[in-house]
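Here are the chains, one letter per residue:
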Amino acid sequence: MNRHCMKLAVITILFVVMGSTAAQQSIPKRQAPWVGVTLDGRTCTGGDPRNYGPFDYITDREMLFRVDDNHFSPQVEQLLAGDTTRHPMGDVNYTLVRFPNHHRALYTAIRFSLGESSFDGLDRFPAECFLQRANNFSPNDPVPFMLYGLYLHRLGELDEALEKYQKAEELTPGDANLLYNLGLIHFDLGNFTQAKQYAEKAYSLGIELPGLRRKLQEEGYW
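Residues numbered from 1 in each chain as written. Predicted model: local features only at pLDDT ≥ 70, side-chain atom pairs only at ≥ 80, totals over all residues. Heavy atoms only, no water.

A tally of helices and strands in the protein chain yields 10 helices and zero strands. Taken from the N to the C terminus, the helices and strands of the protein chain come in the order α-α-α-α-α-α-α-α-α-α. Residues classed as buried in the protein chain amount to 50% of the 222 residues present. Intrachain contacts of the protein chain at a sequence separation of at least 6 include 63% that bridge at least 24 residues. Accessible surface, the protein chain: about 10,700 Å² in total, of which carbon and sulfur atoms supply 48%. (Helix = DSSP H or I, 4+ residues; strand = E, 2+ residues; numbered from the N terminus. Buried < 20%, exposed > 50% of the residue type's maximum accessible area, 1.4 Å probe, protein only. Contact = heavy atoms within 4.5 Å. Areas by Shrake-Rupley, 256 points an atom, 1.4 Å probe, with all protein chains shown as cover.)

Quick look at the structure:
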């Protein structure tokens, strides 16, 4: 699949992070295996956190500073340059190896895989591998499922994207941004009645983006 030529959907994601009061010494050691395959069928592999992590982006916030301060600066997040490596994805990779469900780093990895960077190496850092690992590591965190849906939606993998969005909806049924995205994907699938239902919910919760309403109006469903 050519990742540079895909038509991108207009989708927004809201990153919601909960604080944690857990003490450092109380954090249990967790496993974060690499699972799944790439979109072109290669087995997902990656680094090992070794003596630091893996940590949960939501519950282990007190451990985050060491990674964010040294490996996830604004220039890395914007895919302009690396902090400790020439390639920004080197630092994104370091971040995600230690915080598999790091919401912002996952979104950066998605943007890189979609070709939103001047750096090469698309095959070296497939976003789908980071996303599958995050879903496996933190199955109760809705944001990686939303992000996986976003990624697949932008690649035109609509049925698979809908599955990820629906999983996220199970975990956070009242998220306005997710409801809007569900409306968009149902529209793209031709499910206009469902698209309108999700649109009404999203707009009632304060979403101001006009795109979905305009699409439905053009089809006579608004």
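Buried residues dominate helix H3 (residues 88–98), accounting for eight of its 11 residues. Among the residues of H3, those classed as buried are Pro-88, Met-89, Asp-91, Val-92, Thr-95, Leu-96, Val-97 and Arg-98. Packed against the buried residues of H3 are helix H1 (65–71), helix H2 (74–77), helix H4 (103–113) and helix H5 (127–137).

Here Arg-30 is to be found in the segment before H1. Note on Arg-30: relative accessible area 27%, which makes it partly exposed. Distance in space between the C-alpha atoms of Arg-30 and Phe-55 is 7.5 Å, their sequence separation being 25 residues. Residue contacts for Arg-30: discarding those within four places in its chain leaves Pro-54, Asp-56, Phe-137 and Ser-138.

Glancing now at the environment of Lys-164. Mapped onto the elements, Lys-164 comes out in helix H7 (residues 158–171). Classification of Lys-164 as partly exposed rests on a relative accessible area of 23%. Sequence separation between Lys-164 and Tyr-148 is 16 residues; the distance between their C-alpha atoms is 6.4 Å. In this view, Lys-164 contacts Phe-145, Tyr-148, Gly-149 and Leu-152; residues no more than four positions away in its chain are not counted.

Taken as a whole, the protein chain shows an average pLDDT of 89; of its residues, 87% reach a score of 70 or greater. Here residues 1–27 is modelled with pLDDT under 50, and outside its nearest four sequence neighbours on either side it reaches 63 contacts, counting other chains as well. (pLDDT = per-residue confidence, 0-100.)

Quick look at the pattern of salt bridges now. Between side chains of opposite charge, pairing is possible as soon as their charged atoms come close. Scanning the model with the defined rule gives seven salt bridges in all. As a salt-bridge pair, Arg-42 and Asp-40 come within 3.1 Å of each other at their nearest N and O atoms. For the salt bridge of Glu-116 with Arg-154, the shortest nitrogen-to-oxygen distance reads 3.5 Å. Linking Glu-116 in the loop between H4 and H5 with Arg-154 in helix H6 (residues 142–154), this pair joins segments that are 38 residues apart in sequence. Residue class for Glu-116 comes out partly exposed when judged on its relative accessible area of 31%. Judged by relative accessible area, Arg-154 falls into the buried class, the value being 8%. Several salt bridges converge on common partners, so that one network encompasses Arg-111, Glu-116 and Arg-154. (Salt bridge = Lys/Arg side-chain N within 4 Å of Asp/Glu carboxyl O.)

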